[in-house]
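# Structure assessment
Each chain, written out:
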Amino acid sequence: MNQNSRPQTVSTAAIVAAGLRKRYRAEKRFRRLGIGAVILSLGFLLLLFGNILSQGLPAFRQTEIALEIEFTPRLITADPARGNYRALARQALQRAFPKVRKRRAKKELYRLLSNGAAFELRRMVLADPALVGTDRRCWLPADDLVDNFLKNPESGKKRLSPRQLAWLSQLHNQGRLALRFNRFFFTRGDSRDPEMAGILGALCGSIFTLLVTLALSFPLGIASALYLEEFAGRNAFADFLEVNINNLAAVPSIIFGLLGLAVFINLFGLPRSAPLVGGLALSLMTMPTIIIAGRAALKAVPPSIREAALGIGASKVQTVFHHVLPLALPGMLTGTIIGMARALGETAPLLMIGMVAFIVDIPRSLSAPATVLPVQIYLWADSPERAFVAKTSAAIIVLLAFLILMNAGAVVLRKKFERKW
Amino acid sequence: MFLSFISRQPVKNTTAKKPSPGTDPARPATAGEPLLEKSRLSCRHLDVFYGAKQALHDISIDFSGNQVTSLIGPSGCGKSTFLRCLNRMNETIDICRVSGEIKLDGEDINRPEVDVVLLRARVGMVFQKPNPFPKSIRENVAYGPRIHGLARHRDEIDMIVETSLTRAGLWDEVKDRLDEPGTGLSGGQQQRLCIARTIAVSPEVILMDEPCSALDPIATARIEDLIGELKENFTIIIVTHSMQQASRVSQRTAFFHLGHLVEVGSTEAVFTTPRHHLTEEYITGRFG
Ligand SMILES: Nc1ncnc2c1ncn2[C@@H]1O[C@H](COP(=O)(O)OP(=O)(O)OP(=O)(O)O)[C@@H](O)[C@H]1O
Ligand SMILES: [Mg+2]
């Protein structure tokens, strides 16, 4: 029919066919561009991961020395908590190298072991008092210079004396020197000695802080989003709130730290460096994100669902809680996880409320002094000891693993709520 | 049957009473008999605005109980808007303003003290586009009775689900998959599910906005039978684009045009002896 109105020679098909190649070319070009962008970003990501993994993985192993420890009751005393465990360790070293007599040589010998060896012995005795009076072989952490030597023999050699190298090779030949899984890294808090520094303190701090953040910002954020989107009418006040929430989401995070310092610590008198205060400050930061994502998720629920529920006489609250919220929840969870991921990686506001302190003890409560993973990374990256370089990367690996775990949890939750019908 | 209406149409009869267009810029009053002696639902001077745009102009009409009234008119003339006034669904649209009086059993439904939940339980609605809940078929039908507390026990609810689906002509197709999602049904099945959902709460007035537009002739016939059954106990107002359907199911017909109620009368009168030239042109298919 159409052909009649046009010259016979040019059919629609011919015109379309003439333009087809151009269209496909444009499509191909766009595809190539897209693939290029994906490959580029993946490449950078791989580079980053590769770098961090190669630097951080050695920190998961730690040089240890096996020594025959004689748990002498005289040194441990009546109160095992206050025993002289350093002497215990030295005595064992002496026993392993009886020929070392001179004071200077002895000092060098003792330096093979970490200061943490005494802590480790103390921990063992406290955990099992029956050890006292026995004699057994124990693996004790070596000094970070020894550790460094085992991991990088070429450069590590220079920091040890020839005598120390000889002792080490002797220990090695006896099978008493080995790289073993670094249990200290996962069971201890921060330490001045890199070989004894662990991530558990910061990990617990992060978990506590995030728990506080989640417990506050998720319910409050969702409730605000629901109220603003479903119940508050469109008026000047609602517009005012909206503008302010959007602004709040864009406020630099350090401001929330200052606010936390002024309000929670100075005004309310909450303890410094505590996960409770950190969580409060971070929820201020996370809540706007959750509100905005929540409102977007609510807006995306088709109005026909609301009409259907209202049309058979459901009240506003029933409509929202029975029909709208379940459909919006996956989107809200996505927003929440984005906010929580940001909170997990945040340092600036926590510096303001004192979570940057050097804290050895693992926090046991919300008000105990603590630090968090990113702050720990910052602290270690700032430390002069070479061994902290690997620790820093290892801490980043832990942080990333935590993040991935958290995201995976969110994906599982979202899948659970997301019914495609 | 419908065609016979048109062919029998006595043209000279209608021309005499027809108000000529353009004589009255403010529009003449509605032709026919919009007002009734005894009515269930009555509207007076209803105006509806969407923002600055007026969608309905001064609508006055009565609906009597136990009767089916069909609303016809070209697309965009305000049929859905009018229907949505009757259970205050227009309130959910921010920019929509309604003025005028709508009385259900003598009580003005637009007064603020009237409970809108109760009103919508009494005045049920089937929407133009099927909108089942993204839940199971059973849950779709059971939801209304459950929130209103019409049935407490599981077997009571199951009874309501079965009777409602049967009356909507859907039971045989879905009885083996009541726990599957309602949104997984075909468009026509979804519309029947929505009808079942509406009748499950036994409203007194049922508003149906083109309930059969997505249905095949068999399902349409089933719904039309259902409407015939329901009219014994309920007041039914149905929007339809099918003249045949209007003439088959309804006792009264109202014709809307550009936001005005042009003509109301018994279905037979409107189809055989339309008083307004617009009505005549519309039902004979000369425009619209
Ligand atoms: N939500 C809305 N916002 C703004 N204008 C609207 C809205 N809904 C309807 N309208 C306008 O009101 C007028 C009447 O619409 P309505 O939906 O009532 O028409 P209708 O008679 O039901 O048409 P159809 O037969 O196509 O369903 C139309 O001009 C439409 O543009
Ligand atoms: Mg409509």
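Residues numbered from 1 in each chain as written. Chains lettered and ligands numbered in written order. Predicted model: local features only at pLDDT ≥ 70, side-chain atom pairs only at ≥ 80, totals over all residues. Heavy atoms only, no water.

Residue and element names in this part refer to chain B. Coordination of the magnesium ion (ligand 2) by the protein is provided by Ser-80 (OG) and Gln-128 (OE1), with metal-donor distances spanning 1.9 to 2.3 Å. Residue Ser-80 is found in helix α3 (residues 79-86), and its partner Gln-128 is found in the loop between β7 (123-126) and α5 (137-148); the two are separated by 48 residues along the sequence. Judged by its relative accessible area of 37%, Gln-128 falls in the partly exposed class. (Donors = N, O, S within 2.8 Å, 3.2 Å for Na, K, Ca; no water. Helix = DSSP H or I, 4+ residues; strand = E, 2+ residues; numbered from the N terminus. Buried < 20%, exposed > 50% of the residue type's maximum accessible area, 1.4 Å probe, protein only.)

The next thing to look at is the site of ligand 1. Residues and elements named next belong to chain B. The immediate surroundings of ligand 1 are formed by 15 residues, with Ser-75, Gly-76, Lys-79, Ser-80 and Thr-81 found nearest. Tyr-50 is positioned such that a nitrogen or oxygen atom in its side chain is 3.4 Å from a nitrogen atom of ligand 1. Of all the secondary structure elements, the ones that give two or more residues to the shell around ligand 1 are β3 (53-63) and α3. The leading source of residues in the shell around ligand 1 is α3, at three residues. Of the residues that constitute the shell around ligand 1, the class distribution is five nonpolar, seven polar and three charged. (Near = heavy atom within 4 Å. Polar contact = N/O pair within 3.5 Å; in protein donor to acceptor, adjacent residues only side chain to side chain. Nonpolar A, V, L, I, M, F, W, Y, C, P; charged D, E, K, R; others polar.)

Here we take up the domain arrangement of chain A. Residues and elements named next belong to chain A. Per the domain assignment, the segments making up chain A are domain 1 (64-182) and domain 2 (200-417). Taking only C-alpha atoms into account, the centre of domain 1 sits 45 Å from that of domain 2. Facing the four residues of domain 1 at the interface are four residues of domain 2. Summed over both sides, the interface between domain 1 and domain 2 buries roughly 270 Å², with carbon and sulfur atoms accounting for 35% of that surface. When the buried area of domain 1 at its contact with domain 2 is split by residue, Asp-144, Asn-148 and Asn-182 rank highest and sum to 69% of it. For the pair domain 1 and domain 2, the number of links is zero salt bridges. The interface formed by domain 1 and domain 2 contains zero residue pairs in polar contact (both at pLDDT 80 or more). Its residues placed into classes, the side of domain 1 that touches domain 2 shows no nonpolar, three polar and one charged. (Domains from an automatic or database assignment. Contact = heavy atoms within 4.5 Å. Buried area = accessible area lost by both parts, 1.4 Å probe. Salt bridge = Lys/Arg side-chain N within 4 Å of Asp/Glu carboxyl O.)

The next thing to look at is empty space enclosed by the protein. All names here are of chain A. Here the structure, examined in full by the defined rule, presents one cavity of 30 Å³ or more. Taken as a whole, the largest cavity holds about 30 Å³ of empty space. Along the walls of the largest cavity sit Ser-206, Thr-209, Leu-210, Leu-282, Ala-343, Leu-344, Leu-350 and Val-372, which together make up its complete lining. Contributions of two or more residues to the lining of the largest cavity are made by α11 (200-231) and α16 (316-344). Tallied by class, the residues present in the lining of the largest cavity amount to six nonpolar, two polar and no charged. (1 Å grid on protein atoms, 1.4 Å probe; cavity = no way out; pocket = protein on both sides within 12 Å on 5 of 7 lines; lining within 4 Å. Points joined across faces, edges and corners; volume = space filled by probe spheres on them.)

All names here are of chain B. With respect to topology, four strands assemble into an open sheet ordered β3-β2-β5-β6, the strand pairing being antiparallel. Each edge of the sheet is formed by a strand with only one pairing partner; in this case those strands are β3 and β6 (107-108). Along the sheet, α3 makes contact with β2 (41-50), β3 and β5 (96-104), crossing β2 at roughly 120°. (Pairing = 2+ DSSP bridges. Axes fitted to C-alpha atoms, helices over the stretch in contact; angles between N-to-C directions.)

With that settled, the discussion passes to the environment of Ile-137 of chain B. All names here are of chain B. You can see Ile-137 is positioned in helix α5. Sequence-wise, Ile-137 and Asp-105 are 32 residues apart; in three dimensions their C-alpha atoms are separated by 34 Å. Residues contacting Ile-137, with those up to four places away along its chain left out, are Leu-165, Val-174, Arg-177, Leu-178, Glu-180, Pro-181, Gly-182, Leu-185 and Leu-193.

Attention now goes to the environment of Arg-136 of chain A. All names here are of chain A. Examined against the element boundaries, Arg-136 turns out to sit in strand β2 (residues 135-141). The exposure class assigned to Arg-136 is partly exposed, which follows from its relative accessible area of 41%. Considered as a pair, Arg-136 and Ala-66 are 70 residues apart in the sequence and their alpha carbons are 9.9 Å apart. Arg-136 has contacts with Leu-67, Glu-68, Ile-69, Phe-71 and Leu-131, leaving out every residue within four places of it along the chain.

On to the layout of surface pockets, then. Gaps between atoms show up when a probe of the same size as a water molecule is rolled over them. As a volume, the largest pocket reaches approximately 730 Å³. Lining the largest pocket are 24 residues, and of these Glu-229, Glu-230 and Lys-316 of chain A together with Thr-92 and Asp-94 of chain B lie nearest its centre. Grouping the amino acids of the lining of the largest pocket by side-chain chemistry returns ten nonpolar, three polar and eleven charged. Lining the second largest pocket are 21 residues, and of these Phe-119, Arg-123, Arg-188, Met-196 and Val-360 of chain A sit closest to its centre. Counting only elements with at least two residues in the lining of the second largest pocket, the list comes to α6 (116-127) and α10 (183-187) of chain A. Ranked by the residues each element gives to the lining of the second largest pocket, the list is headed by α6 of chain A, at six residues.

Further remarks concern the confidence of the model for chain B. Residue and element names in this part refer to chain B. Put simply, chain B has an average pLDDT of 85, and 90% of its residues get 70 or more. Taken as a whole, residues 1-25 scores under 50 in pLDDT and shows 31 contacts with residues more than four places along the chain or in a different chain. On the interface metric, ipTM, the complex scores 0.83, and its pTM is 0.81. (pLDDT = per-residue confidence, 0-100.)

Listed per partner, the contact involves 17 residues of chain A and 26 residues of chain B. Taken together, the two surfaces of chain A and chain B that pack against each other cover about 1800 Å², and 64% of this comes from carbon and sulfur. Applying the counting criterion to the chain A and chain B interface returns one salt bridge. Across the pair Arg-84 of chain B and Glu-307 of chain A runs a salt bridge whose closest N-O atoms are separated by 2.8 Å. Remark: the boundary between chain A and chain B carries six residue pairs in polar contact (both at pLDDT 80 or more).

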